[in-house]
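Residues per chain, in single letters:
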2 protein chains.
Amino acid sequence: MPERKPRADAARNREAVLEAADRLIANRDRPAQVTMADIAAAAGVGKGTLFRGFGDRTGLIHALFEARLEPVRQAVTEGPHPLGPATPPRERALALLDALLCFKLDHRHLSLALEEAGSDSPYGAAHYDWWHGTLSGVLERLPGFTGSDFAAHALLAAVRADLVDHLTGRRNLSRERLRAQLADFAGRVLGGPASDGTADGAEPTSGTGNR
Amino acid sequence: MPERKPRADAARNREAVLEAADRLIANRDRPAQVTMADIAAAAGVGKGTLFRGFGDRTGLIHALFEARLEPVRQAVTEGPHPLGPATPPRERALALLDALLCFKLDHRHLSLALEEAGSDSPYGAAHYDWWHGTLSGVLERLPGFTGSDFAAHALLAAVRADLVDHLTGRRNLSRERLRAQLADFAGRVLGGPASDGTADGAEPTSGTGNR
DNA sequence: GCTTAAGCGGACCCTCGGTCCGTATAGTCG
DNA sequence: CGACTATACGGACCGAGGGTCCGCTTAAGC
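For clarity, every value in this text was computed on a predicted model and none was experimentally measured. Note on numbering: residues in each chain are counted from 1, in written sequence order. For naming, the first written chain is A and the first written ligand is 1, with later ones following in the order written. Two thresholds apply to this predicted model, a pLDDT of at least 70 for residue-level local features and 80 or more for giving and counting side-chain atom pairs, whereas whole-chain, interface and lining totals are computed over all residues. Hydrogens are left out, water is left out, and the side-chain values use all remaining heavy atoms of the structure.

### With respect to the nonpolar core
Note on soluble globular proteins: their nonpolar side chains tend to be buried together. Take the buried Ala, Val, Leu, Ile, Met, Phe, Trp, Tyr and Cys residues and link them wherever side-chain atoms come within 4.5 Å; each set so joined is a nonpolar core. Between buried and exposed lies partly exposed: a residue is buried under 20% and exposed over 50% of the maximum accessible area for its type, with that area taken using a 1.4 Å probe on protein chains only. Ranked by size, the top nonpolar core spans 125 residues in total, and within it A:Leu139 and B:Leu139 carry the most contacts. Here a residue-residue contact requires only that any non-hydrogen atoms of the pair lie within 4.5 Å. When sequence neighbours within four positions are dropped, the list of residues in contact with A:Leu139 reads A:Ala93, A:Phe145, A:Ser148, A:Ala151, A:Ala152, A:Leu155 and A:Leu190.

### A short note on the pattern of salt bridges
Residue and element names in this part refer to chain B. Any carboxyl oxygen of Asp or Glu within 4 Å of a side-chain nitrogen of Lys or Arg constitutes a salt bridge here. Scanning the entire structure with this criterion turns up 30 salt bridges over all chains. Across the salt bridge formed by Arg 68 and Asp 22, the nearest N and O atoms sit 2.7 Å from each other. With Arg 68 in helix 4 (residues 57–78) and Asp 22 in helix 1 (residues 8–27), this pair connects stretches of sequence that are 46 residues apart. Take Arg 68: its relative accessible area is 26%, and that puts it in the partly exposed class. Judged by relative accessible area, which is 18%, Asp 22 ranks as buried. Secondary structure counts use DSSP, requiring at least four H or I residues in a row for a helix and at least two E residues in a row for a strand, with both numbered from the N terminus.

### Quick look at the relation of the copies chain B and chain A
Least-squares fitting of chain B to chain A yields an RMSD of 0.1 Å, with the transformation described by 0.0 Å of translation along the axis and a rotation of 180°. On this basis, the relationship between the two copies can be described by a two-fold rotation axis. Of the residues that chain B buries at the interface, 100% are likewise interface residues in chain A, meaning the two copies contact each other through the same surface. A residue counts toward the fit only if its pLDDT is at least 70 in both copies, and the copies are then superposed by least squares on the C-alpha atoms of those residues.

### Things to note about the protein's contact with DNA strand C
Proximity criterion: a residue is near a molecule or strand once any of its heavy atoms comes within 4 Å of it. Around DNA strand C, the surrounding shell holds 21 residues, and the nearest of these are A:Arg7, A:Asn13, B:Met36, B:Lys47 and B:Arg57. Each atom of DNA strand C within 4 Å of the protein was classed as base or backbone; sugar and phosphate made up 64%. Here a polar contact is taken to be a pair of N or O atoms separated by no more than 3.5 Å, where protein atoms must pair a possible hydrogen donor with a possible acceptor and residues adjacent in sequence count only if both atoms sit in side chains. Between a base oxygen of DNA strand C and a side-chain N or O atom of B:Arg7, the distance comes to 3.4 Å. B:Lys47 is positioned such that a nitrogen or oxygen atom in its side chain is 2.3 Å from a base oxygen of DNA strand C.

### Here's the deal with the protein's contact with DNA strand D
DNA strand D sits among 22 residues. The nearest are A:Met36, A:Lys47, B:Arg7, B:Asn13 and B:Arg52. Here the atoms of DNA strand D within 4 Å of the protein split so that 62% fall in sugar or phosphate, with bases taking the remainder. In the environment of DNA strand D, a phosphate oxygen lies 2.4 Å from a nitrogen or oxygen atom belonging to the side chain of B:Asn13. One of the backbone nitrogen or oxygen atoms of B:Gly48 is found 3.2 Å away from a base oxygen of DNA strand D. Elements that contribute at least two residues to the surface near DNA strand D include exactly helix 1 (8–27) and helix 3 (47–54) of chain A together with helix 1 and helix 3 (47–54) of chain B. In terms of residue count, the dominant contributor to the surface near DNA strand D is helix 3 of chain B (four residues). Of the residues that constitute the surface near DNA strand D, the class distribution is six nonpolar, six polar and 10 charged. All residues other than Ala, Val, Leu, Ile, Met, Phe, Trp, Tyr, Cys, Pro, Asp, Glu, Lys and Arg, Gly among them, are scored as polar; the first ten of these are nonpolar and the last four charged.

### A look at the confidence of the model for chain A
Residues and elements named next belong to chain A. Each residue carries a pLDDT score, the predictor's own confidence in it, on a scale running from 0 to 100. Considering every residue of chain A, the mean pLDDT works out to 89; 89% of them sit at 70 or more. When mean pLDDT is taken per element in chain A, helix 8 (residues 148–157) scores highest with 98 and helix 6 (residues 108–115) scores lowest with 93. Contacts of residues 196–211 to residues separated by more than four positions or lying in other chains number 22 contacts, the stretch itself having pLDDT below 50.

### As for the side chain of B:Ser136
By the element assignment, B:Ser136 lies in helix 7 (residues 126–140). Here B:Ser136 is in contact with B:Ser148, B:Asp149 and B:Ala152, once residues within four sequence places are set aside.

### Let's talk about helix 9 (residues 161–168) of chain B
The buried count for helix 9 of chain B comes to eight of eight residues, which makes it a mostly enclosed element. For helix 9 of chain B, every residue scored as buried is listed here: B:Ala161, B:Asp162, B:Leu163, B:Val164, B:Asp165, B:His166, B:Leu167 and B:Thr168. Residues of helix 9 of chain B that are buried in the fold lie against helix 8 of chain A together with helix 5 (89–106), helix 6 (108–115), helix 8 (148–157) and helix 10 (175–190) of chain B.

### Observations concerning the UniProt feature "DNA-binding region" (unreviewed entry) in chain A
UniProt positions are given in the numbering used here, feature names are shortened, and annotations may be inferred rather than shown by experiment. UniProt's entry tags residues 35–54 of chain A with the feature "DNA-binding region" (unreviewed entry), counted in the numbering of this structure. The span residues 35–54 of chain A is 80% helix and 0% strand, and its two end C-alpha atoms sit 14 Å from each other.

### Re the interface of chain B and chain A
Every contact between the two is made by 31 residues of chain B and, on the other side, 31 residues of chain A. Note on terms: buried area is the combined drop in 1.4 Å-probe accessible area of two parts once they are placed together, counting the loss on both. Taken over both partners, the interface formed by chain B and chain A buries close to 2700 Å², and the fraction arising from carbon and sulfur atoms is 60%. When the buried area of chain B at its contact with chain A is split by residue, B:Phe150, B:Phe185 and B:Arg188 rank highest and sum to 26% of it. Between chain B and chain A we count eight residue pairs in polar contact (both at pLDDT 80 or more) in total. At the level of secondary structure, the elements contributing two or more residues to the side of chain B that touches chain A comprise helix 8, helix 9 and helix 10 of chain B. Of all the elements, helix 10 of chain B adds the most residues to the side of chain B that touches chain A, at seven residues.

Laid out in structure tokens, this is it:
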């Protein structure tokens, strides 16, 4: 499988498409309002190029999501303290959830677009399996913790994009309050030190709380 | 607002449509595969009738869902022991979640259809607010329990149709094992009596575990 | 420069949600 | 029982948008 590298213009166009899609999705409030034709036009390419490069709409969204998620993934698999593998399980589990929540907050529209990408539910996408595997692996290392497989699913469900969107949008919950609530909830699930002080947790794990 | 009652044939057709939709959705494995034209044909009416009676696709799904959910709702608001209002909070919260899970298992395709009904996310549908209000109200009555609003959202997220579908479908988790896992997880969130014996919980609350 | 195959792009197709309006009939009143 | 009307019916029709196709363009190797 030689896997010859693509032509230069193809690579350039691919970038342009991802960039255009990101911009458009971020600006419209319903991701479904962004059509493939829109993206093609904004990227200055033809529709054919979109579909050749990404297969279909779902493929494009996935590619975009993966690209934006890459840094976080990196930080988790080989990064420093809070997220990295060296952190003790309880703390790391909390850090993972917080990082994922922050990511969804920072890329609200993109995450929404991904989840409503029709076809196959969020579950079954590569990145979900990765998150679930990572998180349940961490939970497993908690002494005396059982049912880590389901628990990981349930905890991940608590940060699903549409729920996050609902809470911060419709219900006007601030970013910091939401992070604190999640930390509180997750802490309860993990057991151990019941509450780590007050429930403010304004800066539990900086992680990807930037941008 | 006199609210004059509809003509007899209209009522009959409405029933036929709901029935046809239910059957079709239950039999195809992707709910999206069922088109409005399909439903109209199966019900023996014209498309116009569908849209006049339900507004749009989302409206039809909602109406169907509400109709099927009605018994459960009844059991919760004025039913007997496990689900009814007389049950002490901790037990009732567990019963509510189990009943909802069973409902989603029994009406897998319908629940999926509802969640992917496009337009507005699950959140914002009347029935969700009802579940959330009910559950968080119950949690509130647990002595020393905090963050019941978010906790209710998170617990409900753990029984979302697509997750349930993923676990029982792709992952071949049996109904009873799933119920036990959920009970275990929820029990941990609620605190109190850590584990009520083993984690089997084969028949925590019969409730709507029938059909 | 010449060759060639990877890449391009937009006209085109098809499905599907949703609308419209001429026709049919349930319900009512004389 | 016949006339009248509001209500409902239903399928032809429309527009949007995802996805395809194929003749043209152009990067890249010689």
